[in-house]
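Notes for the structure review
Each chain is listed here by its residues.
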Amino acid sequence: MFRLRLPAALVFTAASFSVSIIAPAAEISQGAMLSNSCAACHGTDGNSPGAIPTLHGKSADFIERALKGFRSGERESTVMGRHATGYSDEEIALIADYFAGLK
Amino acid sequence: MNSINRRQFIQLLGGGSVLASSIGLVACSKQPAASGRVVIIGGGFGGATCAKYLQRFDPDLDITLVEPKQKFVTCPFSNLVLGGLREMDSISHTYDAHTKRGIKVVHSLAREIDPAGKKVHLADGKTLEYDRLVVSPGIDFRWEDIEGMSPGDAEKLPHAWNGGPQTVTLRNQLTAMPDGGTVIIAPPANPFRCPPGPYERASMVANYLKQNKPRSKILILDAKTKFSKQPLFMQGWEQLYGDMIEWVSGDAGGRISRVDIAGKTLYNELGEGHAGSVVNFIPPQKAGKIAHDAGLVDSSGWCPVDQRNFASTLHPDIHVIGDASLAGAMPKSGFAANSQGKVCAAAIVSALHNTTMPEPSYVNTCYSLVGPDYGISVAAVYRYAEDQGIYKVDGSGGVSPAEADAEFRQKEARYTRGWYASITSDTWG
């Protein structure tokens, strides 16, 4: 791994340092896990390049109401009713907050 | 992995300037600063998505994507090329976006995996070392199960079940065939890549024939006794193409066991032959070659994995995603592979950083075009449980309604195209 000729002890500490100096990647949130699966239709980060509605920039309230409406059937859809039924209230809130929180 | 934390290390150093500058040198050099080395074999929906999301989750990762092709031609929407609705260019995708993200894209073939040494040997002679390996090799064909056919025959009888040159060959055969001819499509037994694919193919070919060679027929000789979205497809076929498409079930003589390449004839188990002007025999399938070579498959021919993180149950440092994996209730589809690529990326980054992996959530949607303005879909949301692996969430999912008006089908056709734009940008963009 290291090409520099350093005393063995130093190489050991350097190796430890090189790992710990990196700010550990923030834990991947449950909201990210749930929301990333939406990207296959709605585009990465909800930026849709085609006919499917964009989620990026929508408010948490909008997304939450839409998903709950699809789930109950009050809001008409082609496929979203079949997706929204896969998520609990808590999960819908996590998805709504995730997309609303994207820059 | 990290036996001395940063504070302890600084105490250990005690501020010695010579030491510190030496350390600085090491810590700043690029190789050791990476939080881990991940190699991904296969740049399709699974591998390309996994590479992209690994980089998004942890920009410090050293990620290498190994894919022989400069441009990946998708199997999804290749049926639209066959039907004349799309050009090959529009279903071909480069790895430029991956390179821009700092992912190393190596256009070579992974020849051999050394699980003990954690190395991948490439066809170009290079060797890649990894901490984690993701294998997303797609499918290979069980030529051994079919009498009279070998991989070399695919040019004459193209299966076209990988997007690419065979898609063009099959399209050319369709445009060259006479009006009044028969197109035979022979889908394989389960499990296989893209369960609704053969039937969308029949639809797109029918759309072409209806406009250009209206006296022609399509004969589907199926190894199965039922198929994905069957009532919806059959309803659409009748509505759009009358009696142009005939489907023969596996238990009614549809199951093919022998192929006569020169005579373009398929023989079923009873010895009955069906000759066609164009014959599209889609062979039975198994996991991609390198999965077999690396000992990642079980007796089913597919790769058993821990369905929570896609770690191989045979080689735990190697993850297998996409069509090659045994992924519980999920179908073998590009969409499923994309979804699995993200879950696998989250699992790898969580493991390398020793953080808690979020509970996996997976999705699949398979859109199919029955006609240019007639789309249907099947969808589901999936979760993981230790005792049952990946399962469909109760109450979620299902197929498009049987009773739907033309506007609904038209909307789903529009969303089919929207989906393709989105998933290909999510995977390669």
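Residues numbered from 1 in each chain as written. Chains lettered and ligands numbered in written order. Predicted model: local features only at pLDDT ≥ 70, side-chain atom pairs only at ≥ 80, totals over all residues.

**Brief notes about the overall build of chain B**
Helix and strand counts for chain B come out as 12 helices and 26 strands. Relative to a compact globule of 429 residues, whose C-alpha radius of gyration would be 22 Å, chain B shows 24 Å and is just as compact. Dimensions along the principal axes, computed over C-alpha positions, put chain B at roughly 90 × 45 × 40 Å. Per-residue burial over chain B gives 51% buried out of 429 residues. Of the contacts formed within chain B by residues at least 6 apart in sequence, a portion of 68% connects residues at least 24 apart. (Helix = DSSP H or I, 4+ residues; strand = E, 2+ residues; numbered from the N terminus. Rg over C-alpha atoms; globule rule 2.2 N^0.38 Å. Buried ≥ 20, exposed ≤ 12 C-beta atoms within 10 Å, placed from the backbone. Contact = placed C-beta atoms within 7 Å.)

**Some points on the domain arrangement of chain B**
Residues and elements named next belong to chain B. Examined at the domain level, chain B breaks down into domain 1 (34-138 + 288-359) and domain 2 (143-284). Measuring from the centre of the C-alpha atoms in domain 1 to the corresponding centre in domain 2 gives 30 Å. Across the boundary between the two partners, domain 1 contributes 17 residues, which contact 22 residues of domain 2. Residue contributions to the side of domain 1 that touches domain 2 peak at five residues, all from helix α5 (residues 78-82). (Domains from an automatic or database assignment.)

**Quick notes on the sheet that holds strand β11 (residues 182-186) of chain B**
Residues and elements named next belong to chain B. Reading across from one edge, β13-β12-β11-β17 is the order of the four strands in this open sheet, with parallel pairing throughout. The open sheet has two free edges, formed respectively by β13 (245-248) and β17 (278-281), since each of these has just one partner strand. Each strand of the sheet is rotated relative to its neighbour by a mean of 15 degrees, with strand direction disregarded. Summarising the sheet, β11 and β17 pair through four bridges and their orientation is parallel. Bridge pairing in β17 links I185 to N280. (Pairing = 2+ DSSP bridges. Axes fitted to C-alpha atoms, helices over the stretch in contact; angles between N-to-C directions.)

**Here we look at helix α8 (residues 197-212) of chain B**
Given a rise of 1.5 Å per residue, 16 residues ought to cover 22 Å, and the 22 Å separating the end C-alpha atoms of α8(B) matches this to within 8%. Counting buried residues along α8(B), 12 of its 16 residues qualify, which places the element largely inside the surrounding structure. (Expected span 1.5 Å × (residues − 1).)

**Brief notes about the sheet that holds strand β6 (residues 110-114) of chain B**
Residue and element names in this part refer to chain B. Taking strand neighbours across the sheet as the criterion, the three strands line up as β6-β7-β8 in an open arrangement whose pairing is antiparallel. Both outer strands of the open sheet, β6 and β8 (127-129), are each paired with one neighbouring strand and no more. Across the sheet, the mean angle separating the axes of adjacent strands is 20 degrees when strand polarity is ignored. Bridge analysis of β6 against strand β7 (residues 119-122) gives four bridges, and the strand direction is antiparallel. Bridge pairing links D114 to K119 in β7.

**Regarding the packing of helix α4 (residues 45-57) of chain B against helix α12 (residues 406-428) of chain B**
Residue and element names in this part refer to chain B. Contact pair α4 / α12: the axes reach a minimum separation of 7 Å and the direction vectors enclose 60 degrees. Taken as axis vectors, α4 and α12 run oblique relative to one another. Between α4 and α12, the residues in contact are F45, A48 and T49 and D426, T427 and W428, respectively. Grouping the constituent residues of the contact of α4 with α12 by class yields three nonpolar, two polar and one charged. (Parallel < 35°, antiparallel > 145°, perpendicular 65-115°, else oblique. Nonpolar A, V, L, I, M, F, W, Y, C, P; charged D, E, K, R; others polar.)

**Some words on the pairing of strand β9 (residues 132-135) of chain B**
Residues and elements named next belong to chain B. Side chains of β9 alternate between two faces, with R132 and V134 and L133 and V135 buried alike. In terms of strand pairing, strand β1 (residues 37-41) meets β9 through four bridges, oriented parallel. Across the sheet, residue I41 finds its bridge partner in β9, namely V135.

**Here's the deal with the nonpolar core**
Counting 143 residues, the largest nonpolar core has A:I95, B:L54, B:V135, B:A291, B:C303 and B:V320 as its most contacted members. Of the residues forming this core, the biggest block, 11 residues, is contributed by helix α11 (residues 334-353) of chain B. Shared between two domains, this core holds at least three residues of each, these being domain 1 (34-138 + 288-359) and domain 2 (143-284) of chain B. Residues within four places of B:V135 in sequence aside, it is in contact with B:I41, B:G42, B:I290, B:A291, B:L296, B:I318, B:H319, B:V320 and B:A324. (Core = buried A, V, L, I, M, F, W, Y, C linked by C-beta atoms within 7 Å.)

**Description of the environment of A:L67**
Residue and element names in this part refer to chain A. Within the secondary structure, L67 is located in helix α4 (residues 60-72). L67 sits in the buried class, given 22 other C-beta atoms within 10 Å. Residues L67 and G81, spaced 14 residues apart in sequence, show a C-alpha to C-alpha distance of 8.1 Å. Residues in contact with L67, not counting those within four places in the same chain, are A84, Y87, I92 and I95.

**Details of the packing of α4(A) against helix α6 (residues 89-100) of chain A**
All names here are of chain A. Look at α4 against α6: their axes get within 8 Å of each other, and the N-to-C directions meet at 145 degrees. Crossing of α4 over α6 shows right-handed handedness. Residues A60, I63, E64, L67 and K68 of α4 lie in contact with α6, whose contacting residues are I92, A93, I95, A96, D97, F99 and A100. For the contact of α4 with α6, the class distribution of residues is nine nonpolar, no polar and three charged. (Left-handed = near helix turned anticlockwise from the far one by under 90°.)

**Some words on the confidence of the model for chain A**
Predicted coordinates in regions of low pLDDT should not be interpreted in detail. Mean pLDDT for chain A: 84, with 76% of residues reaching 70 or above. Overall, residues 1-22 of chain A carries pLDDT values under 50, and its contacts beyond four positions in sequence, including any with other chains, amount to 39 contacts. (pLDDT = per-residue confidence, 0-100.)

**Notes on the environment of B:D394**
All names here are of chain B. The residue D394 is located in the loop between β25 (389-392) and β26 (398-399) in this model. Note on D394: 10 C-beta atoms within 10 Å, which makes it exposed. Between the alpha carbons of D394 and A380 there is a distance of 9.5 Å; along the sequence they are 14 residues apart.

**Let's talk about unusual backbone geometry**
Residue and element names in this part refer to chain B. Omega for the bond connecting N190 with P191 falls within 30 degrees of zero, at -10 degrees, which places this linkage in the cis form. Considering the arrangement of structural elements, one finds P191 in the loop between β11 and α8. Phi at A160 is positive, roughly 50 degrees, even though this residue is not glycine. Secondary-structure assignment places A160 in the loop between β10 (139-141) and α7 (165-176). A count of 24 C-beta atoms within 10 Å places A160 in the buried class.

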